[in-house]
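Reading the structure
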Amino acid sequence: MTQPDHIWPQRLTLTAAGLTAIVSAALFVSLIVRESASLNPLNLATLIGATLGAGLAFWYHRRPSVFIVGYLLFVVAVIPTTGAWIWLLYMPSLGFLTVALIIRFVANARRRTLG
């Protein structure tokens, strides 16, 4: 028996939101604890933006427009991390959100063509 089309995107976005929250919290603590690092506005924007984006995608996963806004917010928030190794920590979440987005689009397209 197969799961309904909305179950897998929901599970994937929950996993992405959880991973993002854990990564952001760990990075926040490491920025405070490490003497060599500093907590600056760009770091805060990345941590808050990524967590908020993944959270929006999860909480409003049934509303396509809010899901896409959350996805884009996550991507834009993570872009500044591509200059360092930090982006690797966010890539699993990005992968889960991308797969959830693809499943949603395929399911909606299939639903429209089948009637």
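Provided above is the structure to which this section pertains.
Per-chain numbering applies: the sequence of each chain, read as written, is numbered from 1 onward. Totals for whole chains, interfaces and linings use every residue, but because this is a predicted model, local features are given only for residues with pLDDT of at least 70 and side-chain atom pairs only at 80 or more, for both listing and counting. Derived side-chain values reflect all non-hydrogen atoms in the structure, with water molecules and hydrogen atoms excluded from consideration.

Let us now look at the side chain of Arg104. Only DSSP runs of H or I covering at least 4 residues are called helices, and only runs of E covering at least 2 are called strands; the numbering of each starts at the N terminus. Tracing the chain through its elements places Arg104 in helix α4 (residues 87-114). Accessible area is worked out with a 1.4 Å probe on protein chains only. A residue is then buried under 20% of its type maximum, exposed over 50%, and partly exposed in between. Given the relative accessible area of 13%, Arg104 is considered buried. Each residue touching Arg104, except ones within four places of it in the same chain, is listed here: Pro9, His61, Arg62, Arg63, Pro64 and Phe67. The criterion used for residue contact is that any of the two residues' heavy atoms lie within 4.5 Å.

On the surface, a nonpolar cluster with roughly 700 Å² of combined accessible area is contributed by Phe28, Val29, Ile32, Val33, Leu39, Leu44, Ile48 and Leu52. Secondary structure elements with two or more residues in the nonpolar patch: α1 (7-33) and α2 (41-59). By residue number, the principal contributor to the nonpolar patch is α1, which donates four residues. Mapped onto the elements, Leu52 comes out in helix α2. Residues enter patches when their relative accessible area tops 30% and they take part in no salt bridge; the joining distance is 9 Å for like charges and 5 Å for the nonpolar side chains Val, Leu, Ile, Met, Phe, Trp and Tyr. Surface accessibility in these figures is a Shrake-Rupley result with a 1.4 Å probe; residues are shielded only by whichever protein chains are displayed. Salt bridges are counted wherever a side-chain nitrogen of Lys or Arg sits within 4 Å of a carboxyl oxygen of Asp or Glu.

This brings us to α1. Expected helix span is given by 1.5 Å per residue-to-residue step, counting one fewer step than there are residues. For α1, built from 27 residues, the straight-helix expectation of 39 Å at 1.5 Å per residue is met to within 8% by its first-to-last C-alpha distance of 39 Å. All of the buried residues in α1 are Ile7, Pro9, Leu12, Thr13, Ala16, Ala17, Thr20, Val23, Ser24, Leu27 and Leu31. At its buried positions, α1 is contacted by α2, α3 (64-78) and α4.

Attention shifts here to the environment of Ile68. Here Ile68 is to be found in helix α3. Distance in space between the C-alpha atoms of Ile68 and Leu56 is 9.0 Å, their sequence separation being twelve residues. Setting aside residues no more than four positions away along its own chain, Ile68 makes contact with Leu101 and Phe105.

Glancing now at the packing of α2 against α3. The angle between two axes is taken between their N-to-C directions and runs from 0 to 180 degrees, where each axis is a line fitted to C-alpha atoms and a helix contributes only its stretch in contact. It is at 7 Å that the axes of α2 and α3 come closest, and there the two elements cross at 160°. It follows that α2 is roughly antiparallel to α3 by the angle criterion. Crossing angle aside, the handedness with which α2 passes α3 is left-handed. For the pair α2 and α3, the contacting residues are Ala45, Thr46, Gly49, Ala50, Leu52, Gly53, Ala54, Leu56 and Ala57 in the first and Val66, Phe67, Gly70, Tyr71, Leu73, Phe74, Ala77 and Val78 in the second. Looking at the contact of α2 with α3 residue by residue, the class counts come to 13 nonpolar, four polar and no charged. Angle categories: roughly parallel below 35 degrees, roughly antiparallel above 145, roughly perpendicular from 65 to 115, and oblique for all the rest. Rotating anticlockwise by less than a right angle from the far helix to the near helix defines a left-handed crossing, while the corresponding clockwise rotation defines a right-handed one. All residues other than Ala, Val, Leu, Ile, Met, Phe, Trp, Tyr, Cys, Pro, Asp, Glu, Lys and Arg, Gly among them, are scored as polar; the first ten of these are nonpolar and the last four charged.

None of the figures reported here should be taken as evidence of function without further support.
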